[in-house]
Amino acid sequence: MARPLLLGSYLRVKSQAAGVGAGSTCPTGASGNSSVLPSPEPRAAYDPQPWKERFSLEAIVQMRKGGLGARPQPPTQEAWLKDYKSRQAPHRSACSARWDAEPCSGGQTVEHGFPNQPSALAFDPELRIMAIGTRSGAVKIYGAPGVEFTGLHRDTATVTQMHFLPGQGRLLTLLDDSSLHLWEIVHHNGCAHLEEALSFQPPSRPGFDCASGPLSLARVTVVLLLAAGDLAALGTEGGSVFFLDVPTLTLLEGQTLAPDDVLRSVPDDYRCGKALGPVESLQGHLRDPTKILIGYSRGLLVIWNRAAQCADRVFLGNQQLESLCWERSGNTLVSSHSDGSYAVWSAGAGGSPVTQPTVATTPYGPFPCKAINKILWRNCASGDHFIIFSGGMPRASYGDRHCVSVLRAETLVTLDFTSRIIDFFTVHSTRPEDEFDEPQALAVLLEEELVVLDLQTPGWPAVPAPYLAPLHSSAITCSAHVANVPAKLWARIVSAGEQQSPQPASSASSWPITGGRNLAQEPSQRGLLLTGHEDGTVRFWDASGVALRPLYKLSTAGLFQTDCEHADSLAQAAEDDWPPFRKVGCFDPYSDDPRLGVQKVALCKYTAQMVVAGTAGQVLVLELSDVPSEQAVSVASVDLLQDREGFTWKGHERLSPRTGPLPWPAGFQPRVLVQCLPPAAVTAVTLHAEWSLVAFGTSHGFGLFDYQRKSPVLARCTLHPNDSLAMEGPLSRVKSLKKSLRQSFRRIRKSRVSGKKRAANANSKVRRGCAAQMPPLCLLGPGTAVEPQLREPSYREGASGLRPSDVPGEAWDTTELIPGYPERRGGTCIMRPTPRLTSPRRPAAAHHGPTMWAGTNSGSVFAYALEVPAATAGGEKRPERAVEAVLGKEVQLMHRAPVVAIAVLDGRGRPLPEPYEASRDLAQAPDMQGGHAVLIASEEQFKVFTLPKVSAKTKFKLTAHEGCRVRKVALATFASVACEDYAETCLACLTNLGDVHVFSVPGLRPQVHYSCIRKEDISGIASCVFTRHGQGFYLISPSEFERFSLSARNITEPLCSLDISWPRDTTRTSHRLRESPKLSQANGTPGVVLAPGSRDGSPGPARSKGADTPEPPEATLSPMSIDSATSADTTLDTTGDVTVEDVKDFLGSSEESEKNLRNLAEDEARACAILIK
């Protein structure tokens, strides 16, 4: 269990422990997880009442009943004084005080995408839920969209098999170490979560429970549930079958079926001194639970009668067995074998052994074929039947294919997948009174995706999945989040997606996995997650709730000439060949051309315009259209080198666009293609639809393009003319150790020079360094480069003639190369609109106007004043006059760390609104009366400068205080839970150590920081993206996004329930493992379980699921409250925290418990009396 900690003093940490332990809401009426205090305002003086409210006798008794078993202790006097002083500290900002009084709730909340490396599959036909196990030991259960449960085994072992106890909400898992684990879906306060109840490690000593021979349970090969799930049969590698009592997970003595018992029913000539081999398959009879069908690896099939302890029928197979299936009536058996054949056996009345099957066939023979790994037989009311099997393909021709064959009467379809098949099942009737199976759907779990086919519709089409879509159908190269999407744009995107994959009119089947109920409220706003991929596609995902639903896919490959036409022709030529292959699934890891890869994405949600930038320097401006069209795309080139001599580009060539009118489907259609020269990967891009401008940067410079007039506005080269490596092609930030040390010592010596000497040389030296020695824009790797934006700060007229500011900084060497990612180049540039207003508080020469800011990899910032023609009254588009850009300011940071982000703040310290938000009254208008400021975030520090003078106002040296470097930065709005109309804008920062820091704006005072991502997870850190409301996403695997929340109000997590028919037995519940670790990251990496209370005061599933199972220390989210900018190492006093010893004190008798409670009450009263004095 992860106990969320409050972001303030010792008192709030203790109160949170009591609230969660009680399994109820906080005394103040706020949610138990987010631990919101009654008022967002901090108390001005010490008040002991909250301690009494949270730690009264009733609260302690309730806490013990809730299962936490932790006894709170009264705080020490030092802790109280520390809390009191922190509240009275005069330097605490308003934002910091708010964080003390109302903490945010940080931690991982839900996982989006497809489970990484799945290994097992199970389905409960009664509850309509599905379970997937992974190689890392994770267990994930899915029902209707929004119904999800996640668990994780203690040991990192592969889940080999899973079996649901039908209708009971319990799951039995088998790991590759032969251990068995029983999981239960339990309810707390109306919401359900997954818990591990019991575990069982089979004994491996010889002769266990059998005196006839040396038996071994060292490896369990197959599990079969019997008698409504109360009994389980375990087939072993030694050929024995053991029986297990499932409610207690104990072996039943005297019921073991040894191989010798089976051999007594086999003719002597069949024995031949050969062993039967491992038990390959166990099947139960649907109508007679006393009969078990046992299949041995040698090929022997036995129908064993448990009641009579004898074999009813014996089938003498001679081919190595792979799989078995027992037909519904019990009269027919189907076996599949290692040579690619399957056999049908008649199980009618008779006592003599059956030597020959009724039918034996090799579907894809006569040439040698691969094994048929699994086979299913499903009968229909029409008289025919389905035979579904995996494998069996011709070894020489198609041995590398991953196929599932579906045969019905004379119709055969070979489903061809692009990844390995893990398992499959059919959704059919399992009631004993039904005569036929009547399969409705076929679900196939692959290594990279889940595919569901509708078996009731002719043609067996695929059913669109509302979740579990493969995010990595093509490798993810970038991501972006768009919050508060307008309803009109949302409907248009959904409509475009439906036109891409229309469903057959005759299809009556929907998603078959519909178990459980989603209790979460409808999201108040819609959120889009955009992912760019290696194949040139951009996918739109519904990120509003728990289920990440695919909405629309945009492909940019059709605009360019690639080799995909040749591949399509080969695929069409192979359609008429045998076997009748049919491509199924959307996972396609291969790209036609690596230059198509998407590097940056920007979307304007008010004009439905977007920009997609790629690996070969292509910048594509698109616009959403509701109808298909045929039109040509305008092409323009921007030379970032500006005809610089001596340059030789040795990288890839530019993509060749198609000419003439091209057909475009409904959706986002390209309007303008801007080609950067040389064709290096685009590292930064932004879109300003209100001004019809797009800014972009590569490893050689940055530019500004007017896509309304289809003409470039600005192009600037940032290469050094003497840098031979830079002039040859892709650049590297890797320097030798000797050179790095030399430069560091030079900077130290320079910092000791007097201010007068530095000021005298600043004008010529800095200007020359910015213009000629400027490294290229900062490329931060996939998903880590900060997007350029356009802002409108205050500027004096003639500011272009001002001297650049030489800003002193730390002499840290920033040269490094991220393993597995492109070389870090490029930078950040920003643009944002505000009305052209003259500030009465400024001199007459000052005015507000559009600007563009660009930051580089060497710590330089360029500020350009833009002359944008104003739109006419009531008009949307501006006039056709040209946009002009004039360099107004150059800022060089002395520590020369790469610039990560730039933001312009208004007079109230808030970031300027997005394009069209102010003009359409969609957001609060910025304060244009007070002085503006610009926030510049580099890899090592944050600094705020006043405008228009660009003079330093405040800064925070993160690297100097924390020893880490900035990787991602975003300005997020944190809304209050207790006060609906209160919100604050803070700076969220992710470091290279995986920590998330939150700072006040513009004071840059540290508020809290969390350990969010493992520092070894470089790809996760590089892929992180923040949202505007305090949430974030990062990749925990190539196919999964982890979602985390820094806000106590904006939390997205599963809130669901499940109708379970299994009666809760207290004797069985007592066997539950109290210390089962359940990490939120089911890929095996240490994660954090977010446990906030629901909005209405009742705790949700993730909030209460930790009540019985404490989390290991490394999985606990640890926020730290920081009192000032210079006390970054300050930690909370934890002398009164709940410990394991405290829990043990409450595990005694009832008399001891009452005595402990009385003593605790006396101690509490005594401590409070001392403090009051």
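To keep things clear, this report deals only with the structure shown in the data block. The structure presented is a predicted model; accordingly, all values stated were derived computationally and were not measured.

Comments concerning the pattern of salt bridges
Any two side chains of opposite charge can pair, on the condition that their charged atoms come close.
No. 1: A full pass over the atoms with the stated rule returns 28 salt bridges.
No. 2: Notably, a salt bridge pairs Glu623 with Arg671, separated by 3.6 Å at the nearest N-O pair. Of this pair, Glu623 sits in strand β37 (residues 618–625) while Arg671 sits in strand β41 (residues 667–677), and the two are 48 residues apart along the sequence.
No. 3: Residue classification places Glu623 among the partly exposed residues on the basis of a relative accessible area of 30%.
No. 4: When the shortest N-O distance is used, the salt bridge between Glu939 and Arg965 registers 3.9 Å. Of this pair, Glu939 sits in the loop between β54 (933–938) and β55 (941–946) while Arg965 sits in the loop between α14 (958–962) and β57 (966–975); the two residues are 26 residues apart in sequence, bridging distant segments of the chain. Each member of the pair, Glu939 as well as Arg965, carries the same accessibility label: buried.
No. 5: Beyond isolated ion pairs, a larger network of salt bridges with shared partners links Glu939, Glu940, Arg965 and Arg967.

Digging into the sheet that holds strand β58 (residues 983–991)
No. 1: Pairing is antiparallel across the open sheet formed by 4 strands, whose spatial order is β57-β58-β59-β60. Only two strands of the sheet have a single neighbouring strand rather than two, namely β57 and β60 (1006–1011). The mean inter-strand angle of the sheet, taken between neighbouring strand axes irrespective of direction, is 20°.
No. 2: Relative to β60, strand β59 (residues 995–1000) runs antiparallel, the two sharing 5 bridges. For Val996, the partnering residue across the bridge sits in β60 and is Tyr1010.

Some remarks on the pairing of strand β28 (residues 450–454)
No. 1: Counted residue by residue, β28 has 5 buried out of 5 residues, so it is predominantly covered.
No. 2: Because side chains alternate across β28, one face comprises the buried residues Leu450, Val452 and Asp454, and the other comprises Val451 and Leu453, equally buried.
No. 3: The pairing of strand β27 (residues 441–446) with β28 spans 5 bridges and is classified as antiparallel. Paired with Val444 across the bridge in β28 is Val451.
No. 4: In this antiparallel pair of consecutive strands, β27 and β28, the connection spans 3 residues.

Remarks on the environment of Ser329
No. 1: Checked against the element boundaries, Ser329 lands in the loop between β18 (321–326) and β19 (332–337).
No. 2: A relative accessible area of 31% means that Ser329 is categorised as partly exposed.
No. 3: Not counting chain neighbours up to four residues away, the residues in contact with Ser329 comprise His285 and Arg287.
No. 4: In terms of polar contacts, Ser329 uses its side chain to reach the side chain of Glu327, at 2.3 Å.
No. 5: At 3.5 Å, the side chain of Ser329 forms a polar contact with the backbone nitrogen of Asn331.

A few points about the nonpolar core
No. 1: Ranked by internal contacts, the top residues of the largest apolar core, which has 35 residues, are Ile493, Leu528, Val538, Phe540, Leu554, Met610 and Phe668.
No. 2: Tallying contributions element by element places helix α9 (residues 487–500) first for this core, with 5 residues.
No. 3: Core analysis: the next-biggest nonpolar cluster, separate from the first, contains 24 residues, Leu257, Leu282, Leu300 and Trp304 among them.

The rules behind these values
Residues numbered from 1 in each chain as written. Predicted model: local features only at pLDDT ≥ 70, side-chain atom pairs only at ≥ 80, totals over all residues. Heavy atoms only, no water. Salt bridge = Lys/Arg side-chain N within 4 Å of Asp/Glu carboxyl O. Helix = DSSP H or I, 4+ residues; strand = E, 2+ residues; numbered from the N terminus. Buried < 20%, exposed > 50% of the residue type's maximum accessible area, 1.4 Å probe, protein only. Pairing = 2+ DSSP bridges. Axes fitted to C-alpha atoms, helices over the stretch in contact; angles between N-to-C directions. Contact = heavy atoms within 4.5 Å. Polar contact = N/O pair within 3.5 Å; in protein donor to acceptor, adjacent residues only side chain to side chain. Core = buried A, V, L, I, M, F, W, Y, C linked by side-chain atoms within 4.5 Å.

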